[in-house]
Amino acid sequence: MPGPAEGWPFAASDEPRRVELSNNGCVTSCCGGIFVTIRRQGDRVLWTSWENTHDNRIPFPTDLHFDAAQYDAELARAGADVSWEEPVDTAARLLAQELAD
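Structural notes, computed from the coordinates. Everything numeric here is computed off the predicted structure, so don't read it as measured data.

Describing the nonpolar core
Here is step 1: Judged by nonpolar contacts, W8, A11, A12, V19, V36, I38, V45, W47, W50, A68, Y71 and L75 together constitute the single largest core of 12 residues.
Here is step 2: Among the secondary structure elements, those contributing two or more residues to this core are strand 2 (34-41), strand 3 (44-52) and helix 2 (68-80).

A short note on the packing of aromatic side chains
Two measures describe an aromatic ring pair: the distance that separates the ring centres and the angle between the ring planes.
Here is step 1: If you walk through the whole model with that rule in mind, you get five aromatic pairs.
Here is step 2: Taking the centre distance of 6.1 Å and the plane angle of 55 degrees together, the rings of W47 and W50 count as tilted.
Here is step 3: W47 gets classed as buried once you look at its relative accessible area, which sits at 14%.
Here is step 4: Plain terms: the ring middles of W50 and F60 are 6.2 Å apart, the flat faces sit at 25 degrees to each other, and that makes the pair stacked. Note that W50 is positioned in strand 3 and F60 in the loop between strand 3 and strand 4 (64-67), a separation of 10 residues in sequence.
Here is step 5: Look at F60 and you get partly exposed, because its relative accessible area is 32%.
Here is step 6: Chaining the aromatic ring pairs together yields one cluster made of F10, W47, W50, F60, F66 and Y71.
Here is step 7: Over the face of the ring belonging to F35 we find R18, whose NZ or CZ atom lies 3.7 Å from the ring centre.

Some remarks on the environment of R77
Here is step 1: Structurally, R77 is set in helix 2.
Here is step 2: Remark: the alpha-carbon pair of R77 and G32, spanning 45 residues in sequence, is separated by 30 Å.
Here is step 3: For R77, the side chain forms a polar contact with the side chain of E74, separated by 2.5 Å.

Some points on the sheet that holds strand 1 (residues 17-22)
Here is step 1: Spatially, 1-2-3-4 is the arrangement adopted by the four strands of the open sheet, whose pairing is antiparallel. Each having just a single partner strand, strand 1 and strand 4 make up the two edges of the open sheet. Direction aside, neighbouring strands of the sheet carry axes that sit 30 degrees apart on average.
Here is step 2: Judged from the five bridges that link them, strand 1 and strand 2 form a sheet pairing that is antiparallel.

Describing the pattern of salt bridges
Here is step 1: The final tally for this structure, using the stated rule, is four salt bridges.
Here is step 2: Notably, a salt bridge pairs E74 with R77, separated by 2.5 Å at the nearest N-O pair. Here E74 and its partner R77 are both found in helix 2, three residues apart, which amounts to about one turn of the helix.
Here is step 3: Taking the relative accessible area as the measure of exposure, E74 reaches 39% and is therefore partly exposed.
Here is step 4: For E85, the salt bridge identified is with R93, shortest N-O distance 2.6 Å.
Here is step 5: Overall, the relative accessible area of 13% leaves E85 in the buried class.
Here is step 6: Residue R93 is classed as partly exposed on the basis of its relative accessible area of 23%.

Rules used in this analysis
Residues numbered from 1 in each chain as written. Predicted model: local features only at pLDDT ≥ 70, side-chain atom pairs only at ≥ 80, totals over all residues. Heavy atoms only, no water. Core = buried A, V, L, I, M, F, W, Y, C linked by side-chain atoms within 4.5 Å. Buried < 20%, exposed > 50% of the residue type's maximum accessible area, 1.4 Å probe, protein only. Helix = DSSP H or I, 4+ residues; strand = E, 2+ residues; numbered from the N terminus. Phe/Tyr/Trp six-rings, centres within 6.5 Å; stacked < 30°, edge-to-face > 60°. Lys NZ or Arg CZ within 6 Å of the ring centre and 35° of its normal. Polar contact = N/O pair within 3.5 Å; in protein donor to acceptor, adjacent residues only side chain to side chain. Pairing = 2+ DSSP bridges. Axes fitted to C-alpha atoms, helices over the stretch in contact; angles between N-to-C directions. Salt bridge = Lys/Arg side-chain N within 4 Å of Asp/Glu carboxyl O.

Rendered as C-alpha cells:
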C-alpha cells in the first residue's frame, strides 16, 4: 500500500472512521454496502457500529477488539506483501512510487 500507513483503508486512529468493507459487487448507492467504524482506543483497535445499508436481516458480529500493536504489525505485513501482484500491478505500483518520489 503506497503512502503513509495512516492513509491505508484499515488504519486505526483516535478519530473514528467509517469504512466500507463490501459493496455487494455494485455501487453502494444502488445495492448497499457493509460498513464498520474503526478507531483506536488506547492499546486497542475497535471495529464497531456495523451497518448493512441494503439487507438488515443478516446478523453482524459483535464489536471486535484487537491489540493495537498486533493490528499495526499485521497492516504493515499485509501492506508489504506483493506476492499477489500480476506483472501489470507491479509495474503500476513501481511507476506510481517513482512518480511520487
